[in-house]
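# Descriptive analysis of the structure
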Amino acid sequence: MNPDNIKELARKVDVKAKERNYVIADLQKIRREVKDNDLGDRPDQKPTSDIFRLSDFDNDFAFHCGGRNELQFNLKIREYDGERKIRYGVAIRLQPGRSDNLDIKKPVRRRVKLFNHYLEAHREEFSGLGMSYSIRKDDGEKVPSRLFRPHKIPGQLLGEEVTVVLGKREKPSVLTYDDILTLYDELLPLYKYIERNLEPEDSFDSDSFSPPADQKNPLPSDKNPLPSPKQPSSELLEQLGNELNPVNIEELAQGVNRKADTGGYAVADLQDIRMEEKDNDLPDRPDQKPTFDIFRVSDFSDDFVFHCGGRNELQFNLALRRFDGIWKVRYGAAFLYKLGRGMESLVSMVSRIRYFNEYLRANPEAFTGLKLWYEPKGSRKPRGDSPPQEIPEQLLEEGTFFFIGRRSNPSEISYDDILTAFDKLLPLYKYIERNLSPEDFSEQEDSTQAPDEEHLSTSDTYETTAERIAATVSVERTHDRMRDVLAKRLASEHGRGNVHVERSTQHGKSIDLVVQTDGREWFYEVKPFSEPRLCLRKAIGQLLEYAYWSGSETPERLIVVGKSELDSRGEAYLSTLKERFSLPLEYQSVQVG
């Protein structure tokens, strides 16, 4: 679809409606039925059976024939967010129309009440639509608001130069005439309900309608009453815009981008952090311009998005979709255990999950309030919903999606909740991406051979197994390199003959390094983890067994060796063990390239 102008678009919609037998093709007949043949059309115009009539066109929009003062089926072509799009759906003009002069607000007020009542009773029917407001500025130009989730029209707007639109905005390249006509058919019951019930005596008190008892999605406007009638419409819409009320994933992500920039959240600097962690070597696509936003439009899917450049990383992730039949926002961080763009194998992903498990073991309190789940390949149903725990090896099957975060009803959370969760997960992201080394991208021989199509299942199994083996080998290599670097350093200080690598104990254990000096011994236990807390947890038990098990030699010093410097909390922990239990524990870091 690529119409040159609104007349061509409306004409083709009319033609397709009749050719393909859409119910909306009989709109003029339906109008006569609901109005008892009293259409109120202008006497100087001939009757028509078309949805749209040429005389009702403006430069860039059209409404259905006779629909100026009704709930009007509406088409518009204009730029939204810098892109040419088609807006289609229904609209209500809140300002008086040609036939409303006797009481400028009464017909509009009745339509608004009927619209609100129908929306409350049938909210799920409008879950995929957006609602916007066009406000006339002082210079006469009408400016559209952003899209909101469908909600009750605030009564404070009655009589103002405002048009309310319920529908969709799409680029012509992704839209078909069937999309437009299908939506029109879906909105016909709303049209009939409003226009059929416009008798003067038909009025509603504010308390005369109660939503269904099973209504599960109260709107922000239900929870937070709107301002007084004296408040200008621009401020009223600004209040609506502060609520988390996204109509689609693009609106949700752009709202998170805006709030991150203005709210002082650490994750707002994610692109700078990525450059720091990767020494300015970001493997982004060369055909895309750099961005400082968390999310980029080109990375959006139908109902989810991951952070710019995050396809193969621990990705900050948003989704807006149904979970257990209810629309929810999913927000947090994710792994997709699958070959991505530029990846030759899954070795780096296995390493990322290993670092994830390391950090989780060392910092379980960092994830309170979050959940961990996974979705097997080909499934969108969350499984294993539980408090955060280590990702087990048996779940590492290609195509599995792992997520740590939350799923919440949009009306129950705010942009601040999403960004607070992102900030909580940012140290995990840094830990994983900072500690990836070249070895974490290496693989075993033959592990990158493409599987034959005839043997996909066995080849996939081989690939996954080889990648896990490669990641395990990478850990062992890091351990050995750290041990050898430290041994060389100690030999230069104490003499090669006084440094023993992998010395056996009388109980059949092996100590990574032992230094003998002046009749005393120092035991070293190497742990190839970047989180010092995890190194301490893993190494101290082994060192105590080497030193104090019955018949063991008692060393002068017990030294834990890790990849990173010990932080202040780790130092305080070791001091407590020394003072309270008189244990000669120490910590050293060894950096390997």
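Residues numbered from 1 in each chain as written. Predicted model: local features only at pLDDT ≥ 70, side-chain atom pairs only at ≥ 80, totals over all residues. Heavy atoms only, no water.

## As for the layout of surface pockets
If a probe the size of a water molecule is rolled over the atoms, the empty space left behind becomes visible. When its volume is computed, the largest pocket comes out at roughly 1300 Å³. Considering the residues around the largest pocket, the lining is formed by 43 residues, among which Arg169, Glu170, Asn248, Ile249 and Glu250 are closest to the centre. Of all the secondary-structure elements, those providing two or more residues to the lining of the largest pocket are strand S2 (72-80), strand S3 (83-93), strand S6 (162-170) and helix H7 (249-263). The biggest single contributor to the lining of the largest pocket is H7, with 5 residues. (1 Å grid on protein atoms, 1.4 Å probe; cavity = no way out; pocket = protein on both sides within 12 Å on 5 of 7 lines; lining within 4 Å. Points joined across faces, edges and corners; volume = space filled by probe spheres on them. Helix = DSSP H or I, 4+ residues; strand = E, 2+ residues; numbered from the N terminus.)

## A look at the sheet that holds strand S9 (residues 326-337)
Across the sheet, which stays open at both edges, the 6 strands sit in the order S7-S8-S9-S12-S10-S11 with antiparallel pairing between neighbours. Since the sheet does not close on itself, it has two edges, and those belong to strand S7 (304-306) and strand S11 (383-386), each with one partner. Averaged over all pairs of adjacent strands, the angle between strand axes in this sheet comes to 25°, irrespective of strand direction. As defined by bridge partners, strand S10 (residues 371-375) adjoins strand S12 (residues 400-408) across 5 bridges and the pair is classed as antiparallel. Bridge pairing in S12 places Leu372 opposite Ile404. (Pairing = 2+ DSSP bridges. Axes fitted to C-alpha atoms, helices over the stretch in contact; angles between N-to-C directions.)

## Some remarks on the packing of H7 against helix H10 (residues 415-434)
Here H7 crosses H10 at 75°, and the two axes come no closer than 10 Å. Taken together, the axes of H7 and H10 are roughly perpendicular relative to one another. For the pair H7 and H10, the contacting residues are Glu251, Leu252, Gly255, Val256, Lys259 and Ala260 in the first and Tyr415, Asp416, Ile418, Leu419 and Phe422 in the second. Here the residues of the contact of H7 with H10 sort into 7 nonpolar, 1 polar and 3 charged. (Parallel < 35°, antiparallel > 145°, perpendicular 65-115°, else oblique. Contact = heavy atoms within 4.5 Å. Nonpolar A, V, L, I, M, F, W, Y, C, P; charged D, E, K, R; others polar.)

## Points about helix H3 (residues 106-121)
Here H3 contains 16 residues, and its C-alpha end-to-end distance of 23 Å stays within 8% of the 22 Å for a straight helix at 1.5 Å per residue. With respect to burial, H3 is a largely interior element, 12 of its 16 residues being buried. Of all the positions in H3, only Pro107, Val108, Arg110, Arg111, Val112, Leu114, Phe115, Asn116, His117, Tyr118, Leu119 and Glu120 are classed as buried. (Expected span 1.5 Å × (residues − 1). Buried < 20%, exposed > 50% of the residue type's maximum accessible area, 1.4 Å probe, protein only.)

## Regarding the pattern of salt bridges
Scanning all chains against the criterion turns up 29 salt bridges. One salt bridge in this structure joins Lys76 and Asp60, with 3.1 Å as the shortest N-O distance. With Lys76 in strand S2 and Asp60 in the loop between helix H2 (27-34) and strand S1 (61-63), the pair connects residues that are 16 residues apart, well separated along the chain. For Asp60, a relative accessible area of 24% puts it in the partly exposed group. Arg123 is the partner of Glu120 in a salt bridge, and the nearest nitrogen-oxygen pair spans 2.8 Å. In this structure, a network of salt bridges that share partners links the residues Asp480, Arg483, Asp484 and Glu502. (Salt bridge = Lys/Arg side-chain N within 4 Å of Asp/Glu carboxyl O.)

## A closer look at the side chain of Arg111
Tracing the chain through its elements places Arg111 in helix H3. For Arg111, the contacting residues outside a window of four places in its chain are Lys35, Asn69, Glu70, Leu71, Ile92, Ile194, Glu195 and Leu198.

## A word on unusual backbone geometry
Positive phi values are uncommon outside glycine, yet Glu502 reaches one of about 50°. Tracing the backbone shows Glu502 in strand S13 (residues 499-504). Positive phi, close to 55°, is recorded for Asp518, a residue that is not glycine. Positionally, Asp518 belongs in the loop between strand S14 (510-517) and strand S15 (520-526).

## Focus: the nonpolar core
Core analysis: the largest hydrophobic core is formed by 73 residues, its most contacted members being Leu318 and Phe422. The leading source of residues in this core is H10, at 11 residues. Dropping the residues within four chain positions of it, Phe422 is found in contact with Val256, Val267, Phe295, Phe316, Asn317, Leu318, Tyr331 and Gly332. In terms of nonpolar packing, the next biggest core, distinct from the first, is built from 53 residues, Ile77, Phe148, Val164 and Tyr177 among them. (Core = buried A, V, L, I, M, F, W, Y, C linked by side-chain atoms within 4.5 Å.)

## What about the side chain of Asp512?
Mapping Asp512 onto the fold places it in strand S14. It turns out Asp512 is buried and unbridged, and the closest side chain with the opposite charge, Arg483, is 5.7 Å from it. Within the structure, Asp512 has its side chain in polar contact with the backbone nitrogen of Val526 (distance 2.7 Å). Not counting chain neighbours up to four residues away, the residues in contact with Asp512 comprise His479, Arg483, His500, Val501, Glu502, Tyr524, Glu525 and Val526. (Lys, Arg positive; Asp, Glu negative; His and termini not counted. Polar contact = N/O pair within 3.5 Å; in protein donor to acceptor, adjacent residues only side chain to side chain.)

## Re the environment of Asp185
You can see Asp185 is positioned in helix H4 (residues 177-196). Here Asp185 falls in the partly exposed class, since its relative accessible area comes to 22%. Expressed as a C-alpha distance, the spacing of Asp185 and Leu27, which sit 158 residues apart in the sequence, is 9.8 Å. Ignoring any residue separated from it by four or fewer positions in sequence, one finds Asp185 in contact with Tyr22, Val23 and Ile24.

## Regarding the packing of aromatic side chains
Counting across every chain of the model gives 17 aromatic pairs. Relative to Phe63, the ring of Phe61 lies with its centre 6.4 Å away and its plane at 35°, an arrangement referred to as tilted. The interplanar angle of 40° and the centroid separation of 6.4 Å between the aromatic rings of Tyr374 and Phe402 together place this pair among those described as tilted. Taken together, the positions of Tyr374 in strand S10 and Phe402 in strand S12 put the pair 28 residues apart, joining distant regions of the chain. According to the relative accessible area criterion, Tyr374 is partly exposed, its value standing at 21%. By relative accessible area, Phe402 is classed as buried at 3%. Ring-pair connections join several aromatic residues into one group, and the members of that group are Phe52, Phe73, Tyr184 and Tyr191. The ring of Phe323 is capped by Arg407, whose NZ or CZ atom sits 5.5 Å from the centre of that ring. (Phe/Tyr/Trp six-rings, centres within 6.5 Å; stacked < 30°, edge-to-face > 60°. Lys NZ or Arg CZ within 6 Å of the ring centre and 35° of its normal.)

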